[in-house]
Amino acid sequence: MKILTHNLGFPRIGAQRELKKALEAHWKGQSEAAQLLATAREIRASNWLSQQKSGIDLIPVGDFSLYDHILDMTALLGAIPHRFEHTGDQVPLDLYFAMARGTVNQPAMEMTKWFNTNYHYIVPEFDHNTRFHLASDWLFQEIKEAKVLGINTKVVLIGPLTYLYLGKEITPDFQRLDLLPSLLPVYREILQQIVALGVEWVQIDEPILALDLEQPWLDSFTEAYRALNDTGSRLLLTSYFGAVDHHLALLENLPVDGLHIDLSSAPEQLESFLTRNFSSKILSLGCIDGRNIWRTDLSQKLENLAQTVSRFKGNLWIAPSCSLLHCPVDLSLETKLDPEIRNWLAFSTQKLEEIATLGLGLYQGKESIQEILTASNQANQSRKTSCRIHNPVVHHRINHLTERDSQRTHPFAIRKQQQQQRFNLPLLPTTTIGSFPQTSAIRQVRAAFKKNELSHLEYLSAMRQEICETIRKQEEIGLDVLVHGEPERNDMVEYFGEQLWGYAFTENGWVQSYGSRCVKPPILYGDVYRPEAMTVDWISYAQSQTSRPVKGMLTGPVTMLFWSFVRDDQPRADTALQLALAIRDEVTDLEKAGIGMIQIDEPAFREGLPLRRQDWQHYLDWAVKAFRVASSGVKDETQIHTHMCYSEFHDILPAIAELDADVITIETSRSRMELLDAFVKFSYPNEIGPGVYDIHSPRIPDTSEMLELLKKASHHIDPKLLWVNPDCGLKTRNWPETRTALQKMVDCAKSLRSAL
Ligand code: GLN
Ligand code: ZN
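Predicted model only: the values in this text are computed from it and were never measured. (Residues numbered from 1 in each chain as written. Chains lettered and ligands numbered in written order. Predicted model: local features only at pLDDT ≥ 70, side-chain atom pairs only at ≥ 80, totals over all residues.)

What to know about the overall build of the protein
When helices and strands are counted, the protein shows 27 helices and 22 strands. A compact globule built from 756 residues should have a C-alpha radius of gyration of about 27 Å, and the protein, at 27 Å, falls within 12% of that. Its C-alpha atoms put the protein at 75 × 60 × 50 Å along the principal axes. Of the contacts formed within the protein by residues at least 6 apart in sequence, a portion of 79% connects residues at least 24 apart. (Helix = DSSP H or I, 4+ residues; strand = E, 2+ residues; numbered from the N terminus. Rg over C-alpha atoms; globule rule 2.2 N^0.38 Å. Contact = placed C-beta atoms within 7 Å.)

So, the site of ligand 1
Around ligand 1, the neighbouring residues are Ile433, Gly434, Ser435, Met492, Met553, Asp601, Pro603, His643, Cys645, Cys728, Gly729 and Lys731. When its residues are assigned to classes, the shell around ligand 1 shows six nonpolar, four polar and two charged. (Near = placed C-beta within 6 Å. Nonpolar A, V, L, I, M, F, W, Y, C, P; charged D, E, K, R; others polar.)

Examining unusual backbone geometry
For arginine 17, which is not a glycine, the phi torsion comes out positive at approximately 55 degrees. Following the sequence through the fold, arginine 17 ends up in the loop between β1 (4-5) and α1 (18-27).

Some points on the nonpolar core
With 208 residues, the main nonpolar core has Val202, Val558, Leu579, Ala580, Ala626, Leu710 and Met745 as its most contacted residues. In terms of residues, this core owes the most to one element, helix α22 (residues 572-592), which gives nine residues. Dropping the residues within four chain positions of it, valine 558 is found in contact with Ala576, Glu602, Ala604, Phe605, Gly608, Ala623, Ala626 and Phe627. (Core = buried A, V, L, I, M, F, W, Y, C linked by C-beta atoms within 7 Å. Buried ≥ 20, exposed ≤ 12 C-beta atoms within 10 Å, placed from the backbone.)

Points about the confidence of the model for the protein
With 100% of its residues at a pLDDT of 70 or more, the protein shows a mean pLDDT of 96. Note on the complex model: pTM 0.95, ipTM 0.99. (pLDDT = per-residue confidence, 0-100.)

Some points on the sheet that holds strand β6 (residues 153-158)
One open sheet holds the eight strands; their spatial order is β1-β12-β11-β10-β9-β8-β6-β2, and the pairing between them is parallel. In this open sheet, the two edge strands, each paired with only one partner strand, are β1 and β2 (59-61). Here three bridges tie β2 to β6, and the two strands are oriented parallel to one another. Bridged to isoleucine 59 within β6 is threonine 153. (Pairing = 2+ DSSP bridges.)

Some remarks on the pairing of strand β11 (residues 282-288)
Taken across its seven residues, β11 has six buried, putting it largely inside the fold. As defined by bridge partners, strand β10 (residues 258-262) adjoins β11 across five bridges and the pair is classed as parallel. The residue of β11 that forms the bridge with isoleucine 261 is leucine 285. Once the chain exits β10 it traverses helix α10 (residues 270-275) before rejoining the sheet at β11, and the crossover so formed is right-handed. (Right-handed = clockwise from strand over helix to strand, strands pointing away.)

Some words on the UniProt feature "binding site: L-methionine" (unreviewed entry) in the protein
Taken from the UniProt record, the annotation "binding site: L-methionine" (unreviewed entry) applies to Ile433, Gly434, Ser435, Glu486 and Asp601. These annotated residues cover 169 residues of sequence, but their C-alpha atoms sit close together, with the largest distance between any two at 12.9 Å. Along the chain, glycine 434 falls in the loop between α16 (412-423) and α17 (440-450). Beyond its immediate stretch of four places on either side in the chain, glycine 434 contacts Val483, Glu486, Met553, Gln599 and Gly729. Note that glutamate 486 resides in the loop between α18 (456-477) and α19 (494-497). What glutamate 486 contacts, discounting residues up to four positions off in sequence, is Gly434, Ser435, Met553 and Lys731. (UniProt positions renumbered as here; feature names shortened; annotations may be inferred.)

Printed below as a string of structure tokens:
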């Protein structure tokens, strides 16, 4: 039987980040809108043709975006927040970018994480006065473009419930779900226009189905899809990032023509769909991981699919698990990767070829794809046995870990006394989060060294000079606990990954983070092993320059994991533990070198939380354990710090307390310390440094403002447990700002100290 192959979405930034370059040139006023739009059109065309070449039957249109696909939906639906004072009927490009990036008069719309990915979307703003109407024809233009190129298209649209759900109410006493009846007619209009353009299928994305949805939202699905049922278009209701079989009864009865399920994040859900009566609908199997970079074991996949085909009575389609937005574009651009490692990988283009191959194999039999299967088998066999991946030294250590390895010698109360004796810090000690301004001079030195234009010795002395000056400046400002300033780090994960075994780096493995911003996550492919110390030399040098304590600075195992592409051949918990051991060795080496305070940053700790509550505890258990293994190898008198860049802790505080860091620094300045409440309610036992000013903006707060925040904190928290610091690292700020702000911060601490 012919199985239809399709794709849910293709990366839109361009294989060489062409869109990023075009956007940024336009924003700087260096190019006209027409030029930007022409680049965008070229990227779309090249994406479509490449997918067609891969052999995919149904190719998505509407997955492209100049900035963000939720913002596109806001534009399409004309749901422009009133504060942008827009009156026209259509959304012009400058308004679109104003919503995304703000103007002199209006801050940008809020941006937040797209489910459990590192992509960020623009949050729609709703109130009583929100009205919807068709306000952009971009989508329809794109459909026409694809038609001209002879592309067999399926339109991608964010579903009405997900669109509302992802937005926020900006006035109280109002619920955004109430907007549904006024939203549906516009959706109908959109669908009718799509039909009029000759497109049969619409992929309507409702990823919120993978969340724990409250009943009113669930109930609304039936109402919504009944209303969209008779426009003449065929709807493929699309879920991803998790199981949706907890809504089985609802899905069965929903008047849609097909359903896409993610079998990569939730393979076990397939059974429910096979045993229930879904044969009147098309079932689309998301059978290749759209969020990772691993080559698929095609033989095994083909066997599984063949079984599924034989059991399912209705029509099956196959596709990647989710949009390929979260995967780099094309592996063939990676010329410098080690060939053995490269052979284990597949980026978007390769993944689509895999889908097409599977489609062919199911239709014409295994023999028709024998050559490809053989290559895939070889690659997978090599991954199972390669000594680049499997390191017995690491396994031995993991197998011999004991309870004691995740426990400090004594509880916090005892450690605190010993640390107090050792450091003799004043009340409300002042410190920073680690990085100091990354000046262009520093960047140039690093880049020149990388290109071999600077010798090792020249590099070493340039960095040491920078560290030395940073120490001097901190002493002048009067900070109590100093840092080396992180000048040698390009990025907090990459810096460590480059020195560990088991990590690989790509040249073009870019993934969109938001707007024109991309990240290039390293690839964690093998057992993690630390061949030698990674930071000891820099930190010891910094300590040699001052009599005040210098805090060593490391990235924690959970963050190392979440900001990388991770291996899929072992549970993430195991990989986290391997990372933890590498960090643990660094921690103990720092201790041996006489460093008394060590900070292990975990900004991604909360990010790792699974989408559904029922899965939280399992995650928290292994994440906490990884942190504890990383941090527990030291003596009582060594002080462990951690840092998290947010302040939403109310629902995970028990786990945060279990980390048992001696000091935690958090972001609280933007929430004006309100979120400290969670710590107070929970009687958080260890020391806390709530950020007293926002480093994300160039604005320097008044001393009185900082003092007020600090006083507020000291009312909530025992001053003996309180630290004073900014809310994150200072690498994006300049020196004059930094100096002034920190000076004020130190003054505030001193004045409150004397008043206590
Ligand atoms: N130590 C890092 C810095 O100061 C922490 C950055 C982060 O939390 N994202 O830059
Ligand atoms: Zn931070």
